[in-house]
Amino acid sequence: AQRFWPVFNQYQDELRIVRRDNKSLPQVELDQKVVDIRKKYFQEFSKVLNKDRADRVFKADNEFRDVIRKEIQERRQLKSERRGLRQ
């Protein structure tokens, strides 16, 4: 854990910066930058974890993002429905 979390936090920071600073890029170019970061950090995670566990980091991160997106979508829909009932 002491070796993993600093690497993971650094990975998250790089992703955040790339997404924030490259909003004007075509989606395919932004996706390529994200893939490049993931490849870089797969190597870094593999130094701390084995390759299977390093791969699971990305799968878990994707699953977490999917859950968050779904939750946000459901909350927006609920909020929209509530507004519709008030009118």
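Predicted, not measured: the structure shown is a model, and the values here were computed from it. (Residues numbered from 1 in each chain as written. Predicted model: local features only at pLDDT ≥ 70, side-chain atom pairs only at ≥ 80, totals over all residues. Heavy atoms only, no water.)

Examining the overall build of the protein
Logical step 1: A tally of helices and strands in the protein yields three helices and zero strands.
Logical step 2: When the elements of the protein are put in sequence order from the N terminus, they spell out α-α-α.
Logical step 3: Relative to the 2.2 N^0.38 estimate, which gives 12 Å for 87 residues, the radius of gyration of the protein is 17 Å and therefore markedly larger than a compact globule would have.
Logical step 4: With respect to the principal axes defined by its C-alpha atoms, the protein has extents near 55 × 30 × 20 Å.
Logical step 5: Counting the 87 residues in the protein, one finds 21% classified as buried.
Logical step 6: Excluding contacts between residues fewer than 6 apart, the proportion of contacts in the protein whose partners are at least 24 apart in sequence is 54%.
Logical step 7: Considering the protein, the positive charge centre built from 23 side chains and the negative charge centre built from 15 side chains are found 4 Å apart. (Helix = DSSP H or I, 4+ residues; strand = E, 2+ residues; numbered from the N terminus. Rg over C-alpha atoms; globule rule 2.2 N^0.38 Å. Buried < 20%, exposed > 50% of the residue type's maximum accessible area, 1.4 Å probe, protein only. Contact = heavy atoms within 4.5 Å. Lys, Arg positive; Asp, Glu negative; His and termini not counted. Charge placed at Lys NZ, Arg CZ, Asp CG, Glu CD.)

Focus: the environment of Asp-21
Logical step 1: Here Asp-21 is to be found in helix H1 (residues 4–21).
Logical step 2: The exposure class assigned to Asp-21 is partly exposed, which follows from its relative accessible area of 47%.
Logical step 3: Residues Asp-21 and Arg-69, 48 residues apart in the sequence, show an inter-C-alpha distance of 21 Å.
Logical step 4: Among the polar contacts listed, one links the side chain of Asp-21 to the side chain of Arg-20, at a separation of 2.9 Å. (Polar contact = N/O pair within 3.5 Å; in protein donor to acceptor, adjacent residues only side chain to side chain.)

Let's talk about the packing of helix H2 (residues 27–48) against helix H3 (residues 51–86)
Logical step 1: The contact between H2 and H3 brings their axes to 8 Å, and the two run at 130 degrees. By the criterion of interaxial angle, the relationship of H2 to H3 is oblique. Relative to H3, H2 is oriented so that their crossing is right-handed. Contact residues: H2 offers Arg-38, Tyr-41, Phe-42, Phe-45 and Ser-46, while H3 offers Lys-51, Ala-54, Asp-55, Val-57, Phe-58 and Asn-62.
Logical step 2: Here the residues of the contact of H2 with H3 are counted per class, giving six nonpolar, two polar and three charged. (Axes fitted to C-alpha atoms, helices over the stretch in contact; angles between N-to-C directions. Parallel < 35°, antiparallel > 145°, perpendicular 65-115°, else oblique. Left-handed = near helix turned anticlockwise from the far one by under 90°. Nonpolar A, V, L, I, M, F, W, Y, C, P; charged D, E, K, R; others polar.)

Brief notes about the side chain of Gln-12
Logical step 1: One can find Gln-12 in helix H1.
Logical step 2: With relative accessibility at 13%, the residue Gln-12 sits in the buried group.
Logical step 3: Discounting residues that sit within four places of it in the chain, Gln-12 has contacts with Asp-61 and Arg-65.

What to know about the nonpolar core
Logical step 1: With 14 residues, the main nonpolar core has Phe-8, Tyr-11, Ile-37, Tyr-41 and Phe-45 as its most contacted residues.
Logical step 2: Broken down by element, the residue count for this core peaks at six residues, all from H1.
Logical step 3: When neighbours within four sequence positions are excluded, Tyr-41 is seen to be in contact with Val-7, Gln-10, Tyr-11, Glu-14 and Phe-58. (Core = buried A, V, L, I, M, F, W, Y, C linked by side-chain atoms within 4.5 Å.)

Here we look at a positive patch on the surface
Logical step 1: A surface patch of like charges, here positive, comprises Lys-79, Arg-82, Arg-83 and Arg-86.
Logical step 2: Its place among the elements puts Arg-82 in helix H3. (Patch = residues over 30% accessible without salt bridge, like charges linked within 9 Å, V, L, I, M, F, W, Y side chains within 5 Å. Areas by Shrake-Rupley, 256 points an atom, 1.4 Å probe, with all protein chains shown as cover. Salt bridge = Lys/Arg side-chain N within 4 Å of Asp/Glu carboxyl O.)

Some thoughts on a nonpolar patch on the surface
Logical step 1: Nonpolar side chains collect at one region of the surface, where Phe-64, Ile-68 and Ile-72 lie side by side and expose about 280 Å² of accessible area between them.
Logical step 2: The residue Ile-72 is located in helix H3 in this model.
Logical step 3: For Ile-72, a relative accessible area of 39% translates into the label partly exposed.

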